[in-house]
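So you can see what is in the structure, the chains are spelled out below.
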Amino acid sequence: MRYIIAASLIALSTAAFGAPAKPSLTPAQRTATHDMFEHVINTPTVIGRHKVPEMAHYLADQFKAAGFPEVDIHVMTYHSESASTGADETAALIVRWRAAGTPKAKPIMLMGHMDVVEAKREDSTTDPFMMTERDGYYYGRGAIDMKDGIVGITQALINLKAAGFKPKRDIVVLFTGDEETNGIGAKKGASEWLDLLGHPEYGLNADGGGGGVNPDGSPAGFTMQSAEKTYAGYTLTVRNRGGHSSKPRKDNAIYDLMHALERLEAYQFKPQMGPTTRAYFQGREKQEKGPLGDAMRRWLANIDDREAADFIEASESEVGLTRTRCVPTRLFAGHADNALPQLATAMVNCRIFPGSDPNEIKAELERIVANPAVAVTRNDDQVASLSSPLRPDITGAYTKAVQTLHPGMPVFPEMSTGATDGRPFRVAGIPIYGTNGGWVVVPVDFRAHGKDERLPVESLYDNVVHWQMMLRDLAGK
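Residues numbered from 1 in each chain as written. Predicted model: local features only at pLDDT ≥ 70, side-chain atom pairs only at ≥ 80, totals over all residues. Heavy atoms only, no water.

**So, the packing of aromatic side chains**
Here comes step 1: One pass over the full model with this rule turns up 11 aromatic pairs.
Here comes step 2: Here the aromatic rings of Phe 63 and Phe 68 are separated by 5.2 Å at their centres, their planes lie at 85°, and the arrangement is edge-to-face. We note that Phe 63, like Phe 68, is buried.
Here comes step 3: You can call Phe 68 buried: its relative accessible area is 3%.
Here comes step 4: Taken together, Phe 63, Phe 68, Trp 97 and Phe 165 form an aromatic cluster joined through their ring pairs.
Here comes step 5: The lysine or arginine in question, Arg 30, covers the ring of Tyr 461, its NZ or CZ lying 4.0 Å from the ring centre. (Phe/Tyr/Trp six-rings, centres within 6.5 Å; stacked < 30°, edge-to-face > 60°. Buried < 20%, exposed > 50% of the residue type's maximum accessible area, 1.4 Å probe, protein only. Lys NZ or Arg CZ within 6 Å of the ring centre and 35° of its normal.)

Laid out in structure tokens, this is it:
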């Protein structure tokens, strides 16, 4: 879900500025990275296709071949479930690179997910599950969400080990197999697998952060994810005694549901600003010169300026960043063409501001619909997502890596409006930071889950270098 971020916050590649030569991979490392990326793109790790375990074993073999001890490499099989496919066996990969002696600090965890969403051949110009290189891009499902991050982390660790790097603290890898469905792997990682993970101090998530270039080549800034909204589902249900359609009445389940959804459509949740979004808008307002920038400056000066917050929220690039948002995503009603409906339901998907209790949102939805005939129920047991503190060591390492590859680029904290595997760990008290180093061209490359998902060729190789620099900085001291 990494690239569900503000289009105006994406950074520029160094080449666009004609800057001095940046760190790069050797030809052999580029070839190895290309081959690994091609292999994982060509593995259709969609729930129901039973291919995630295959990819997990493939990556495990790459670590073994690079000299990582087999005893510290674990493929964890488990079951996940999708509404469309039912129960399915998937897998997670855990790898531990142990530091010599007795480390003074807890491990650093590197995170990502191996699964991708389904894609149909007829919906794209290339086969989504066959990597294609064209016009300076690698095309394929998972190119940006998020097999580039999986390869970035894996190849960086292999390169560091080959170069003789000796971490001063353990580095552990957790690649899950069901982030795109129900996140069981992340929940297991934050609970029953914690011993294998060494109870990490914090995690660096390749499913967050990143940057890019605007179509005109102008820079904007990289983002580091330090917060994400809580994903929660609710169902609005109306039941009615029904009857013959030739004898309609005012009490109609579909009408009641429709009116409830109209009230939801018109409702705006109260604006909220946390440490991450405050830092985000403090960076953004320096770049945004028009009315949108004016609204950001007004809201930063006065958090009670509802008009300014509403103006920001109305922007397609900033939507979801100022408050909780709830939207209907599925509808069901009736049982026959010639019968008054006895049941009407709507699925409402909410992305809840960090720190807000999903149960409180349920109560707010009940107030919004304002009709006792409309029942509001929760569809999951999610708890409030928490923000990660903006640690100087991590923000510093990320900024240094970004600006080494892209000199002078600004870096912003980011709150993801989408969900990642980071949430269960944050809830468990382990802060998570989205620190991927890939970049895209915005908005034309925002194609995750969509047609012709693609990644600029050089972004793949830059990302490996990015992870190498971050790990040298954070695990080498």
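And the narrative resumes.
**Here we look at the environment of Gly 198**
Here comes step 1: Position of Gly 198 among the secondary structure elements: in the loop between helix H5 (194–197) and strand S7 (202–213).
Here comes step 2: For Gly 198, a relative accessible area of 16% puts it in the buried group.
Here comes step 3: As for Gly 198 and Val 172, which are separated by 26 residues in sequence, their C-alpha atoms are 7.8 Å apart.
Here comes step 4: Excluding its chain neighbours within four sequence positions, the residues that come into contact with Gly 198 are Arg 96 and Pro 107. (Helix = DSSP H or I, 4+ residues; strand = E, 2+ residues; numbered from the N terminus. Contact = heavy atoms within 4.5 Å.)

**Brief notes about the sheet that holds strand S5 (residues 137–139)**
Here comes step 1: Spatial strand order, S4-S5-S17: 3 strands in an open sheet with antiparallel pairing. The open sheet has two edge strands, strand S4 (132–134) and strand S17 (454–456), and neither has a second partner. Neighbouring strand axes in the sheet, compared pairwise and without regard to direction, differ in orientation by 25° on average.
Here comes step 2: Here 3 bridges tie S5 to S17, and the two strands are oriented antiparallel to one another. Looking at the pairing, Tyr 137 lines up with Pro 456 of S17.
Here comes step 3: Contacting S4, S5 and S17, helix H13 (residues 457–475) runs over the sheet at an angle of about 70° to S17. (Pairing = 2+ DSSP bridges. Axes fitted to C-alpha atoms, helices over the stretch in contact; angles between N-to-C directions.)

**Digging into the pairing of strand S8 (residues 222–228)**
Here comes step 1: By the criterion of burial, S8 is predominantly enclosed, with 7 of the 7 residues buried.
Here comes step 2: Judged from the 6 bridges that link them, S8 and strand S15 (residues 411–416) form a sheet pairing that is parallel. Looking across to S15, one finds that Ala 227 is bridged to Met 415.

**Concerning helix H6 (residues 253–266)**
Spacing of three or four residues puts side chains on the same side of an α-helix, whose turn is 3.6 residues.
Here comes step 1: Between its first and last C-alpha, H6 extends 20 Å over 14 residues, near the 20 Å set by a 1.5 Å rise per residue.
Here comes step 2: Within H6 the residues assigned to the buried category are Ala 253, Asp 256, Leu 257, Ala 260, Leu 261 and Leu 264. Along the axis of H6, the buried positions cluster into a sector of 130°, meaning they face one direction only. Set apart from the buried face of H6 by more than 90 degrees, the exposed residues are Glu 265 and Ala 266.
Here comes step 3: Tucked into the core, H6 has its buried residues touching strand S9 (230–239), strand S11 (325–333), strand S13 (343–352), helix H10 (358–369) and strand S14 (374–378).
Here comes step 4: The N-cap of H6, judged by a side-chain oxygen 2.8 Å from the amide nitrogen of Ile 254 a few residues on, is Asn 252. (Expected span 1.5 Å × (residues − 1). Arc of directions from axis to C-beta. Polar contact = N/O pair within 3.5 Å; in protein donor to acceptor, adjacent residues only side chain to side chain.)

**Quick word on the nonpolar core**
Here comes step 1: Within the largest apolar cluster, 68 residues are counted, with the highest numbers of intra-cluster contacts made by Phe 37, Leu 59, Leu 110, Leu 157 and Leu 204.
Here comes step 2: The biggest single contributor to this core is H13, with 10 residues.
Here comes step 3: If we skip the residues at most four places from it in the chain, Leu 157 touches Phe 63, Phe 68, Trp 97, Leu 110, Ile 171, Val 173 and Leu 471.
Here comes step 4: Listed in part, the 22 residues of the second largest apolar core include Leu 257, Leu 264, Phe 269 and Ile 368. (Core = buried A, V, L, I, M, F, W, Y, C linked by side-chain atoms within 4.5 Å.)

**A short note on the environment of Lys 451**
Here comes step 1: When you line up the elements, Lys 451 lands in the loop between strand S16 (432–441) and S17.
Here comes step 2: Through-space distance from the C-alpha of Lys 451 to that of Thr 345 is 30 Å; in sequence the pair is 106 residues apart.
Here comes step 3: Filtering out sequence-adjacent residues up to four positions away, Lys 451 remains in contact with Asp 123, Ser 124 and Thr 125.

**Concerning the packing of helix H8 (residues 291–301) against helix H9 (residues 306–313)**
Here comes step 1: Where H8 contacts H9, the axes come no closer than 8 Å and their chain directions differ by 140°. Accordingly, the angle class assigned to the pair H8 and H9 is oblique. In this structure, H8 crosses over H9, and the sense of that crossing is left-handed. Across from Pro 291, Leu 292, Ala 295, Met 296, Arg 298 and Trp 299 in H8, the residues of H9 making contact are Ala 308, Ala 309, Phe 311 and Ile 312.
Here comes step 2: Among the residues making up the contact of H8 with H9, the classes are represented as 9 nonpolar, no polar and 1 charged. (Parallel < 35°, antiparallel > 145°, perpendicular 65-115°, else oblique. Left-handed = near helix turned anticlockwise from the far one by under 90°. Nonpolar A, V, L, I, M, F, W, Y, C, P; charged D, E, K, R; others polar.)

**With respect to the state of the cysteines**
Here is the idea: a disulfide is a covalent bond, and it sits between the sulfur atoms of two cysteines.
Here comes step 1: This structure, assessed with the given rule, holds 1 disulfide.
Here comes step 2: Here Cys 326 engages in a disulfide with Cys 350; their sulfurs sit 2.0 Å apart. Residues Cys 326 and Cys 350 are joined by a disulfide whose S-S torsion is about 115°; by sign, that bridge is right-handed. Note that Cys 326 is positioned in strand S11 and Cys 350 in strand S13, a separation of 24 residues in sequence. Like Cys 326, the residue Cys 350 is buried in the burial classification. (Disulfide = S-S within 2.5 Å.)

**Observations regarding empty space enclosed by the protein**
Here comes step 1: Taken as a whole and assessed by the stated rule, the structure comprises 2 cavities of 30 Å³ or more.
Here comes step 2: Estimates place the volume of the largest cavity at around 40 Å³.
Here comes step 3: Every residue lining the largest cavity is listed: Ser 124, Thr 126, Pro 128, Tyr 139, Gly 140, Arg 141, Gly 450, Asp 452 and Glu 453.
Here comes step 4: The class makeup of the residues in the lining of the largest cavity is 2 nonpolar, 4 polar and 3 charged.
Here comes step 5: Lining the second largest cavity are Ala 227, Gly 274, Pro 275, Thr 276, Thr 277, Phe 353, Pro 354, Ser 387 and Met 415. (1 Å grid on protein atoms, 1.4 Å probe; cavity = no way out; pocket = protein on both sides within 12 Å on 5 of 7 lines; lining within 4 Å. Points joined across faces, edges and corners; volume = space filled by probe spheres on them.)

So yeah, pure geometry; function would need other evidence.
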